[in-house]
Amino acid sequence: MERTTCVVVGGGPAGMVLGLLLARAGVEVTVLEKHGDFLRDFRGDTVHPTTLQLLDDLGLADRFARIPQSRISKIQLPLGPDGELFTMGDFSLLPIKHNYVAMVPQWDLLDMLADEGKSEPGFTLRMNTEATELIREGGRVRGVRYRTDSGQTGELRATITVACDGRKSFVRDMPELGLRDFPTPMDVRWFRVPRQEGDPEGLVGMLRKRAFQVLIDRRDYFQVASIIHKGSDAEGRSRPIEDFNAQLKREIPWLGDRELVRSWDDVKLLHVTLDRLRKWHVPGLLCIGDAAHAMSPVGGIGINLAVQDAVAAARHLATPLREGRLRREHVAAVQRRRWLTTVLIQGFQRMIHENVVGPALRGEIDLGDSARLPLPVRAVSRLPFLRRFPPYLLAYGAIREKPPKEALRDQ
Ligand SMILES: Cc1cc2nc3c(=O)[nH]c(=O)nc-3n(C[C@H](O)[C@H](O)[C@H](O)COP(=O)(O)OP(=O)(O)OC[C@H]3O[C@@H](n4cnc5c(N)ncnc54)[C@H](O)[C@@H]3O)c2cc1C
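Residues numbered from 1 in each chain as written. Predicted model: local features only at pLDDT ≥ 70, side-chain atom pairs only at ≥ 80, totals over all residues. Heavy atoms only, no water.

A closer look at the overall build of the protein chain
Next up, step 1: Within the protein chain, the regular secondary structure consists of 10 helices and 21 strands.
Next up, step 2: In terms of overall size, the protein chain behaves like a compact globule, its C-alpha atoms giving a radius of gyration of 22 Å where 411 residues would be expected to give roughly 22 Å.
Next up, step 3: Taking the principal axes of its C-alpha atoms as reference, the protein chain extends roughly 65 × 50 × 35 Å.
Next up, step 4: When the 411 residues of the protein chain are sorted by exposure, 55% land in the buried category.
Next up, step 5: The contacts in the protein chain between residues at least 6 apart in sequence include a share of 74% that link residues at least 24 apart.
Next up, step 6: Within the structure as shown, the protein chain displays about 18300 Å² of accessible surface, and the carbon and sulfur contribution to it stands at 51%.
Next up, step 7: Separation of charge centres in the protein chain, based on 60 positive and 53 negative side chains, amounts to 6 Å. (Helix = DSSP H or I, 4+ residues; strand = E, 2+ residues; numbered from the N terminus. Rg over C-alpha atoms; globule rule 2.2 N^0.38 Å. Buried < 20%, exposed > 50% of the residue type's maximum accessible area, 1.4 Å probe, protein only. Contact = heavy atoms within 4.5 Å. Areas by Shrake-Rupley, 256 points an atom, 1.4 Å probe, with all protein chains shown as cover. Lys, Arg positive; Asp, Glu negative; His and termini not counted. Charge placed at Lys NZ, Arg CZ, Asp CG, Glu CD.)

Here we look at the sheet that holds strand β5 (residues 74-79)
Next up, step 1: With mixed pairing, the 7 strands of this open sheet are ordered in space as β6-β5-β14-β15-β16-β13-β17. On the outer flanks of this sheet lie β6 (84-90) and β17 (268-270), each paired with one strand and no other. The average undirected angle you get between the axes of adjacent strands in this sheet is 25°.
Next up, step 2: In this sheet, strand β16 (residues 221-229) lies alongside strand β13 (residues 186-194) in antiparallel orientation, the contact comprising 9 bridges. Within the sheet, the bridge partner assigned to Val-193 lies in β16 and is Phe-222.
Next up, step 3: On top of the sheet, helix α6 (residues 241-251) reaches β13, β14 (203-208) and β15 (211-217); it is set at about 85° to β13, its chief contact.
Next up, step 4: Packed onto the sheet, helix α8 (residues 328-361) meets β13, β14, β15 and β16 and runs at close to 85° relative to β16. (Pairing = 2+ DSSP bridges. Axes fitted to C-alpha atoms, helices over the stretch in contact; angles between N-to-C directions.)

Observations regarding unusual backbone geometry
Next up, step 1: Non-glycine residue Asn-128 carries a positive phi angle of around 55°.
Next up, step 2: Within the secondary structure, Asn-128 sits in the loop between β8 (123-126) and β9 (129-137).
Next up, step 3: Looking at Asn-128, the relative accessible area reads 26%, which means it is partly exposed.
Next up, step 4: Phi is positive for Arg-219, close to 70°, though the residue is something other than glycine.
Next up, step 5: With respect to the element layout, Arg-219 can be found in the loop between β15 and β16.

Observations concerning the packing of aromatic side chains
Next up, step 1: On inspection of all chains with the given rule, the structure shows 4 aromatic pairs.
Next up, step 2: Both rings, one in Phe-244 and one in Trp-264, keep their centres 4.9 Å apart while their planes meet at 45°; by these two values the pair is tilted. Here the residue Phe-244 occupies a position in helix α6, and Trp-264 occupies one in the loop between α6 and β17, the gap between them amounting to 20 residues.
Next up, step 3: Classification of Phe-244 as buried rests on a relative accessible area of 9%.
Next up, step 4: One cation-aromatic arrangement involves Arg-71 over Tyr-100; the distance from NZ or CZ to the ring centre is 4.2 Å.
Next up, step 5: Lying across the ring of Tyr-146, Arg-126 places its NZ or CZ 5.2 Å from the centre. (Phe/Tyr/Trp six-rings, centres within 6.5 Å; stacked < 30°, edge-to-face > 60°. Lys NZ or Arg CZ within 6 Å of the ring centre and 35° of its normal.)

Next comes the structure, spelled out in structure tokens:
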């Protein structure tokens, strides 16, 4: 029989940060990741100031700085009939060390954490290993059954199982957890377009009648999120890709005559969901990150919320796990600590869905029509000091949690 102290299911941002912090705090931890690598395209890759500060605290700032990345400091919107770019938010106005959002491929961040974990004796990462079922005995979860990609199966027992396996978590259908789902008006198509000299920098929102895109500057290309009516992707895909490209050029005129998307295979669909568990824990089991609360892409705060959940979990669980005295209230404290932040951020996302995304998709908002700009846009365009508030919200989108002190390292 295999045994560890904490089994973490899922090697995404939540699972890798939790695994590393617990191992540094002297807890034996095994992370199971069903894929053989971290390479998955169009995953969240916005690293916010709260996570950058955490990397500093863990002594990883220099390693992180060596990963090729772009930095976003401006949020821009084209206003008026000429589409002149207007700065709606400027991170450089914030009085903090990391006054920008780092855009880093998620796999590079996860590779770095995995590599760092190797130097901790209590840390084990098992790739190609999928948790298939919880082991439940005597009214509590005692670990997981797993299967490897070569078909080998086994049981890994643990004092606590932490589900960090994302929004399709294998434990989410447990009735005790009570999944609550909120309707969303949109899905998102993700694709890349080449970037050229003279193109706008930073994060550029394009909002024209019934067309809504966000372009993320990735140095030599833009990662584009094109927001569409929920469920309308299939209809678009039945038409040739040339129609899609032509429409994109009409909606974003400065793309000019450059080559855009070659095939529908290069356009990935994100089914947007926004939900959360009423209860994040049962005896022997805790859910964090997207497994506890799937976030909308609005604000790009999913990674940071998952990371901050992991930091809070490590802080509450490390000492009792190391000393062999983990009780239910330690686990319940993690949800209590993270609940308000989750509810507030999801509330903000729902408000944006209802007041911006839904009306934009219905053609009720058009930034090209200066006479009908939404109130917040008019306010920021007239009162420049308001430009610091959108970055403030994004920068501190998640409350900053403090890691256990045993996990801290100097550079
Ligand atoms: C297309 C897309 C774009 C996004 N853009 C952004 C963005 O720009 N900024 C942002 O902050 N957020 C973004 N998000 C959201 C962000 O990626 C998530 O909120 C964040 O990754 C959640 O982290 P997590 O660790 O909780 O879960 P995940 O990142 O989902 O990680 C879960 C991990 O568990 C593994 N796994 C699943 N099931 C099992 C199992 N049974 N056994 C073992 N392993 C398992 C998966 O392979 C995965 O590696 C985006 C999401 C998507 C899908």
